[in-house]
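Residue-level structure breakdown
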Amino acid sequence: MLSAENMSIGYGAGKQIFSGINFSAVAGDMIGLLGVNGIGKSTLLRTIAGLQPRTGGNMQLNNLDIHAIPAAERAKHISIVLTERLAIDNITVRDLIALGRTPYTGWLGKLNDTDGQEIENVIRVMKIEKLQARLFNQLSDGEKQKAVIARALCQQTPLMILDEPTAFLDFRNKREILDILKSISTDLQKTIIFSTHDIEACLQYCNKFWIMTETGTFRQIKRNENYRAEVMEALSITV
Amino acid sequence: MSKQMQHTGLSRSALRAGNLSMASDKLYPAFYRAGKPLFGTLGLLLLIIISLLLPCCQQRSTKPTTQKACSKTSSLPVKYAKGFSVDYYDGFKVITIHDLKDTAKTLAQYVLLPANKPAPVGFENAELITTPVHKAVCVSTTTIGEMALLNLLDSVAGVTDVALIYNPQVAQKLKSRQIADIGRQEVNYEKLVELHPAFVFTSGGYDGGDKLQIKLNSLHIQSVLDLEYKEQNPLGRAEWIKFIAAFYNRETLADSLFDTISTRYQQLKALAASAKQQPAVFCNLPFKEIWYMPCGENYIAQLIADAGGNFLWKDEAATNGLNLNLDYEAVYNKAAQADYWINTGFAASLKDIQASDKKNALFKAYKTGNVYSNNKRNTTGGGFDFWESGTVRPDEILADLIAVFHPELLKDHALYYYQKLK
Amino acid sequence: MTTGRNTLLFIALSILTLIAFVAQLLLGSVQIPFGQVVAVLTGHHIQNETWSNIILQSRLPGALAALFAGAGLSVSGLQMQTLFRNPVAGPFVLGISSGASFGVAVFILAASAFGLAPQTHIISGWGIIMAASSGAVAIFLVIFVLSFRLSDVVAILIIGLMIGGGINAVIEIMQSFSSNEALKNYVLWSFGSFRYVDISQIFYLVAIVTIGCVFSFYLSKPLNLLLLGDTYASSSGLNIRPAKIMIVLCTSILAGSITAFCGPIGFVGLAVPHIARSLFKTADHKILTPACIVLGACICCLCNVLASSPGSDYILPVNAITSLTGAPVVIWVILKQKKV
């Protein structure tokens, strides 16, 4: 259960870039974050993920203030997929996914049976059995994205945050990723928040919409009868 | 054609031209007034032509003299040194430096003659030095050793690397500014030029490689090679005082000094030869991987042999100049049980030797305390008198070594250059 | 899985290292019969005491130095390359080697330039080590403080290089003022040498490198995570700042102490991690760390054997050998990778 009350985000006291953020999310939610370029979507996601502090207001995840707990603890609650490219030579897909088990392994990072089991599960869910032995940097963009999501999934966190996970992917890959994310949120009862520019896809898959409007207000819209129009209106798009 | 001669010629012809115009002044006043510029120009032309012709006249008049001067009247007797020779001609002296490997090959030649004498024919490649020679600059401490023995320190204009010079008189003269300090590793050329030395004694680069030599050439400062260090025979090296002396007309002094030195050397050598056993000797200190060891031909090796020591590498030819590039293992393998260890560089005590490398303590010579270094007479800046005055006193060095290797033969000798390390 | 293959590879490399280690004891500028060497090593007394001393007092410490220095430098290089996400990073990148060189240069060259007592010309073993360590520590502290203020590793890398460059310039100035003797001594130190680590010093070198390598095992997990980049590493639960500080500490201790004892040894820290990655086909530091240890030890032992050029009078600087073997290997590794 993730909630925020009058939260503001930014980079230090003087550099607040968005305020008045109120939202709530539960397990099973697939939430799309929308807004124009530069409005602060990435900043918001990073703040929710705990990568940077909030500049004001409250935020709670399962009754924890994630900005006040150590990174190792936080890693068990939130996992992320970013826009930055991973460039590692010589790492297999399986090894990359295994790195997702870090919060649960000992000081040496050795994997036990539970870890092994979880990795197998994730590979199955992501449908990447054929890729697991291949070198990560030899995969196509779509395959790489699946592997990266698999790593985050392996972290077994109730909340997963993805920053533009379908950018640069072709139509088929986009659909595939969104399908998988949907099934993760529904079947595994996770909360998934992702930002995107593809409004149509968002409208199709998500059950909640967070919009950072150009006027500086934050709107949370649920998938009710009029959601499509509401979303368009919030985005100032005249149909 | 020396500059002095040109000057004399000009003055004579100027007089003549002057007389001409004076004469025309008296005889043809009107013409003169009108023609003064014309006469002036003619006079100038005459001056130029006469001064150009004069040298020819002069040479024509000295031709017979040079032909006579070209035959050698005598040579300085040099017994051991192979690197130089001094020949005497009528009115001038020729000092030649030879290549030690091929004595027929001349490395440099200097003709010493008074200022008003013409250059002799037949020595076109030689460098002319006018006598009397005034002060010289020394860049090597061995040269200073040579000058000091000949009482020529007053003829030293400047020196380099003051910290390396042992001779206390030089230090005094530096203080009283009689001798100038012209730099350390790098020569201060401006100071050097200011000194107007007769020449600079340099140590090498006859094949054009020496930076100092090239710079001196470009500054038109005469350089004179002092190559005593190339002689490996200890007496041959010391005999170079005759070379230095030749520049200052002190050959007689040098002769008698060297006579004393070589006689004593031979006596000591004969004494050492009478010893029944030759103790095993090795030298130098290693630094990390490298241990430089003299080869059999080396100056040090010859001294050891003459002192009745058995230098363990006496039969080895050099691999690097006049040294061998060895390492600790190779030296230890041969010298582990050697009796004497000499020339241990800057080490002032046995502790220093061990501190430099613990393995050095494994040598028998170390364990028995028979380590002798030639650094008894040292400057704080790291200069060794062994290489300064020692160059011209091989007899003293030999005495030291004999006292070390065969103490029973020289009971009363007090070590001069060497000291036993404790 | 490749685990089986990696295990076999590891065993093979360990055997090769053992052979290289023993080769250092067998070969040297003095020829000692194989049987005699074995006898001395197995504790028997041989007649030729000189040979016994050569093997135990000269060759053995040198062999140990090469073994441990190789291991330490390789691990240090591996950590540098991961920390800076840069394949050409090595222990020299942080300016640590320059710092050590600076300390030694001050000790040897400046003393001569100021006309200090000739005793300082004597390169006392501990004197040099202290000087080199001080220099390395000084630079390390600078980098350490900087890493608190700068989180951008590239910036730290550039600063380290600039410091290194500046130090080299100062060393050159000192060289122009010093005597030939001092210059020669400094140059000889800069050639690097395993075989002249003294018996009294070898214990410290072995101890420091062992501690450093054990420490580095503990750092495998943080290093693996850092491969993902700071953000992913942080989100996976790694405390970035303390982790980086510990890595810089570990690598500095290893590189600094080895340079202090053996002089600057080039290329080992740079080339060995690449060879390890290529051979073991993994980026996992749990495997790479021991791989680098064994591979580095092996290569340095072999280079040491070559440097002593058995059978001839010429001594080759170890630094030159490691560079000559390291450079082509790195080129080959990179070409091979790019082809696939």
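Bear in mind that the values here come from a model prediction, so they are computed numbers and not experimental data.

1. Here we look at the sheet that holds strand S1 (residues 2-10) of chain A
Residues and elements named next belong to chain A. In spatial order, the strands read S2-S1-S4; together these 3 strands make up an open sheet with antiparallel pairing. Taken across any chain shown, the strands that pair with only one partner, and hence form the sheet edges, are strand S2 (16-25) and strand S4 (56-61). Across the sheet, the axes of successive neighbouring strands diverge by a mean angle of 25°, strand direction being ignored. Bridge count for S1 against S2 is 6 bridges, and the pairing is antiparallel. Counterpart to Ser-3 in the pairing with S2 is Ser-24.

2. A short note on the interface of chain A and chain C
For interface size, the figure often reported is the accessible area lost on association. Every contact between the two is made by 23 residues of chain A and, on the other side, 21 residues of chain C. Per-element tally for the side of chain A that touches chain C: the top contributor is strand S5 (residues 78-81) of chain A, with 3 residues. Looking at side-chain class alone, the side of chain A that touches chain C contains 15 nonpolar, 5 polar and 3 charged residues.

3. Here we look at the interface of chain B and chain C
Each partner contributes to the interface: chain B provides 30 residues, whereas chain C provides 31 residues. Looking at the side of chain B that touches chain C, the elements with two or more residues in it are strand S14 (323-326), helix H11 (328-335) and helix H12 (350-356) of chain B. Its residues assigned to classes, the side of chain B that touches chain C comprises 14 nonpolar, 8 polar and 8 charged.

4. Remarks on the sheet that holds strand S13 (residues 310-311) of chain B
Residues and elements named next belong to chain B. Read across the open sheet, the 5 strands follow the order S13-S11-S15-S16-S17; overall the sheet is mixed. A single partner strand is all that each edge strand has here, and the edge strands are S13 and strand S17 (419-420). Of the pairings in the sheet, the one linking strand S11 (residues 280-283) to strand S15 (residues 340-342) comprises 3 bridges and is parallel in character. Following the sheet pairing, Phe-282 is matched in S15 by Trp-341.

5. Observations regarding unusual backbone geometry
Residues and elements named next belong to chain B. Residues Thr-131 and Pro-132 are joined by a peptide bond in cis, for which omega reads -5°. Inspection of the secondary structure puts Pro-132 in the loop between strand S5 (127-131) and strand S6 (136-138). Unusually for a residue other than glycine, Asn-284 sits at a positive phi of about 75°.

Calculation rules
Residues numbered from 1 in each chain as written. Chains lettered and ligands numbered in written order. Predicted model: local features only at pLDDT ≥ 70, side-chain atom pairs only at ≥ 80, totals over all residues. Pairing = 2+ DSSP bridges. Helix = DSSP H or I, 4+ residues; strand = E, 2+ residues; numbered from the N terminus. Axes fitted to C-alpha atoms, helices over the stretch in contact; angles between N-to-C directions. Contact = placed C-beta atoms within 7 Å. Nonpolar A, V, L, I, M, F, W, Y, C, P; charged D, E, K, R; others polar.

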